[in-house]
Amino acid sequence: MIQIKNLKKSFGEGDQRITVLEDFNAHMEKGQITSIIGGSGSGKSTVLKHLIGAYRPDSGEIWIDGEEVSQFKGEEINRIRKKFGIMFQSGALFNSLTVEDNVALPMREHTDLNEGTILIMVKMKLEMVGLRGAEHLKPAQLSGGMIKRIALARAIALDPKIVFYDEPSAGLDPISIGVIDKLIMDLSKKMGITSVVVTHEIPSAMRISDKIIMLFKGKIIAEGTPEEIRNSNDPKVIQFIEGSPDGPIPFSKSQTDYGEELKEMSRA
Amino acid sequence: MKVSDEVLALEIMALNPVKFLITPRFIALLIMLPCLTIMADLMGILGGFLIGTTTLGIDPVTYVNNSLDAMVMKDVVTGLIKSAVFAVIIVMVGSYMAFVIEGGAEMVGQNTRTAVVVSMILVIIADLIFTSLFFFVL
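The structure displayed is predicted, hence computed values, not measured ones. (Residues numbered from 1 in each chain as written. Chains lettered and ligands numbered in written order. Predicted model: local features only at pLDDT ≥ 70, side-chain atom pairs only at ≥ 80, totals over all residues. Heavy atoms only, no water.)

**Looking at the overall build of chain B**
Note the cut-off: Secondary structure is summarised from DSSP: a helix means a run of H or I of at least four residues, a strand means a run of E of at least two, and numbering begins at the N terminus for each. Buried, partly exposed and exposed residues are distinguished by accessible area as a fraction of the type maximum, computed with a 1.4 Å probe on protein chains only: under 20%, between the cut-offs, and over 50%, respectively. In this description, contact between two residues means that some pair of their heavy atoms is separated by no more than 4.5 Å. Under the convention used here, a 1.4 Å probe and the Shrake-Rupley method define accessible areas, while residue burial counts only the protein chains that appear. By the counting rule applied here, Lys and Arg register as positive and Asp and Glu as negative, while His and the ends of each chain are not counted. A charged residue contributes its charge at one atom only: NZ of Lys, CZ of Arg, CG of Asp or CD of Glu.
Each helix and strand in chain B was counted, giving five helices and zero strands. Going from N to C terminus, chain B has its helices and strands arranged as α-α-α-α-α. Overall, the C-alpha framework of chain B stretches about 65 × 35 × 25 Å when taken along its three principal axes. For chain B, the residues scored as buried account for 25% of the 138 residues in total. Summarising the internal contacts of chain B: among those between residues at least 6 apart in sequence, 70% fall at separations of at least 24. Total accessible area on chain B is roughly 8700 Å²; 77% of this is exposed by carbon and sulfur atoms. A gap of 6 Å separates the mean positions of the 6 positive and 10 negative side-chain charges of chain B.

**A few points about the interface of chain A and chain B**
Note the following rule: A simple way to read buried area is as the amount of 1.4 Å-probe accessible surface that goes missing from two parts once joined, with both sides added. The rule for a salt bridge is simple: a side-chain nitrogen of Lys or Arg has to be within 4 Å of a carboxyl oxygen of Asp or Glu. Polar contact is the term for a pair of N or O atoms within 3.5 Å; when the atoms are in protein, one must be able to donate a hydrogen and the other to accept it, and sequence-neighboring residues count only if both atoms are side-chain atoms. Charged residues are taken to be Asp, Glu, Lys and Arg, nonpolar residues to be Ala, Val, Leu, Ile, Met, Phe, Trp, Tyr, Cys and Pro, and polar residues to be all remaining types, Gly included.
If you look at the interface, chain A gives 19 residues, while chain B gives 14 residues. Taking both partners together, chain A and chain B bury about 1300 Å²; carbon and sulfur atoms supply 71% of that area. Interface area lost by chain A to chain B is led by Arg81, Phe88 and Phe94 of chain A, which between them contribute 35%. For the interface between chain A and chain B, the tally reads one salt bridge. In this structure, lysine 19 of chain B engages glutamate 109 of chain A in a salt bridge whose closest nitrogen and oxygen atoms are separated by 3.2 Å. Taken together, the links from chain A to chain B amount to three residue pairs in polar contact (both at pLDDT 80 or more). When residues of the side of chain A that touches chain B are traced back to their parent elements, those giving at least two are helix H2 (75-81), strand E6 (84-87) and helix H3 (99-110) of chain A. Sorting elements by how many residues they give to the side of chain A that touches chain B places H3 of chain A first, with four residues. Its residues assigned to classes, the side of chain A that touches chain B shows ten nonpolar, four polar and five charged.

**Some thoughts on the packing of aromatic side chains**
Residues and elements named next belong to chain A. Selection rule: Only Phe, Tyr and Trp rings take part, Trp by its six-membered ring, and two of them pair if their centres are within 6.5 Å. Stacked means planes under 30 degrees apart, edge-to-face means over 60, and tilted covers everything else. Cation placement over rings: the criterion is NZ of Lys or CZ of Arg within 6 Å of the ring centroid and within 35° of the ring normal.
The tally for this structure, following the rule as stated, stands at five aromatic pairs over all chains. On the numbers, 5.4 Å between centres and 70° between planes, the contact of phenylalanine 11 with tyrosine 55 is edge-to-face. With phenylalanine 11 in strand E1 (residues 2-11) and tyrosine 55 in the loop between helix H1 (44-51) and strand E4 (59-64), this pair connects stretches of sequence that are 44 residues apart. Taking relative accessible area as the criterion, phenylalanine 11 reaches 32% and is therefore assigned partly exposed. On the accessibility criterion, tyrosine 55 (30% relative accessible area) is partly exposed. Arranged with centres 5.0 Å apart and planes meeting at 65°, the rings of phenylalanine 84 and phenylalanine 164 form a pair that is edge-to-face. Remark: phenylalanine 164 occurs in strand E7 (residues 162-166) and phenylalanine 84 occurs in strand E6; sequence separation between them is 80 residues. We note that phenylalanine 84, like phenylalanine 164, is buried. The aromatic ring of tyrosine 55 is capped on one face by lysine 9, whose charged end is 5.7 Å from the ring centroid.

**Things to note about the layout of surface pockets**
All names here are of chain A. As a reminder, the rule being used: With a 1 Å grid laid over protein atoms only, a set of points is called a cavity when a 1.4 Å probe fits there but cannot get out and a pocket when it is open yet has protein on both sides within 12 Å along at least five of seven lines; lining residues have an atom within 4 Å of a point. Grid points are joined across faces, edges and corners, and a volume is the space filled by probe spheres set on the points.
Considering only enclosed or pocket space, the largest pocket measures out at about 550 Å³ in volume. Around the largest pocket, the lining is made up of 20 residues, and of these Ser40, Phe216, Ile249, Pro250 and Lys253 lie nearest the centre. Among the secondary structure elements, those contributing two or more residues to the lining of the largest pocket are strand E9 (211-216) and helix H9 (235-242). When residues of the lining of the largest pocket are assigned to their parent elements, the largest contribution, three residues, is made by E9. Here the lining of the largest pocket is built from residues that sort into nine nonpolar, nine polar and two charged.

**Examining H9 of chain A**
Side chains that are three or four residues apart share a direction in an α-helix, a result of its 3.6 residues per turn. Residues and elements named next belong to chain A. Quick note on the threshold: Working definition: the arc comes from the directions between the helix axis and the C-beta atoms, pointing outward to the latter.
Among the residues making up H9, those that are buried are Val237, Gln239 and Phe240. Across the axial projection of H9, the buried residues extend over an arc of 160°, all falling on one side. Next to the buried residues of H9 lie strand E3 (33-38), helix H7 (202-208), E9, strand E10 (219-224) and helix H8 (226-230). Where H9 begins, one side-chain oxygen reaches toward the backbone nitrogen of lysine 236, 2.8 Å away; that side chain belongs to aspartate 234. At the exit of H9 stands glycine 243, carrying a positive phi of roughly 70°.

**Some points on a nonpolar patch on the surface**
Residues and elements named next belong to chain B. Which entries qualify depends on this criterion: Nonpolar side chains (Val, Leu, Ile, Met, Phe, Trp, Tyr) within 5 Å and like charges within 9 Å form the patches, drawn only from residues with over 30% relative accessible area and no salt bridge.
Together, Val117, Val118, Ile121, Leu122, Ile124, Ile125, Leu128 and Ile129 make up a nonpolar patch on the protein surface, roughly 680 Å² of accessible area in all. Mapped onto the elements, isoleucine 125 comes out in helix H5 (residues 105-136). Classification of isoleucine 125 as partly exposed rests on a relative accessible area of 40%.

Structural data, given as structure tokens:
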């Protein structure tokens, strides 16, 4: 369904140039849930932004549904974008619209359905995420977990083949995380949706994924089923799963030597 | 809107953010700014009337007659044309600054300030150009 080949991306100019992704290869199969995990700044969001066409790769290919999309623009990219839905970390609901209008927006714009049918569809989508009855609320009246569920309802409004999830469980309580996890699994299994989840929530990724890709500083350091990841011997993978503050991924992010810096300051 | 991913959300839904976010504001301001101008014009005349009749002892009827005599249609029309031009400038600058935003809440404040300053300067410049145009050409 989705295939990424030798994806490379760097930001900045000259000496400031930082390589964010290096030779990223991945294959996300139809109807399966693939999670991309990694710490902050590991490049996982960058992968997602490439998939949705917000970034253009420096080199490499992205195949979605049998088409190489990385160089698409204008109408072509809009055609591809109608095949997928995305749930943003912040939900990205339109604050001025009610829940109903938010979910109905893609249908109103991209289909010829009449208003009555659209409202029925909206109700069905809201029932799927368990929030039927919230139609007339504004996003500001919703809790964090509800916003994400509405965002998910909007993402699946046009019955996409692919749904991308950007940090679906960030900032939620354990029960809400459980709800979102269940929704992601239900959608994939019942509707055959290909899901790509970018997350740093390890327990949740372990529960829902068919395949996990672990990134560290723009490189894949582990790839496989949750079971394979759990049994990995790589110290970096173990540190990430156990959440140890220090290990091969260092605690201190500082570039300079601490003692040197203090000496420098006392001299001045 | 850009800071909280809503613009990106529109793009990903294959919807044109310009159509959704700028067009309504453009139409709104294009209608409302001339309306505001008319209101301001009326308020100006009313203010002059009040001061003139209460403190300067001008006869109310004379004030109204003389005001209407002194005012020609060109004054009103040029004012309205200018207000439409200002509307275009304000929407363009405001929307541009909203769309080029990078970063968080801090940049929202900074870009808002820049938008206000830039559109104010451009409005003054446009005012100069159009006033001289109307004065010398028409």
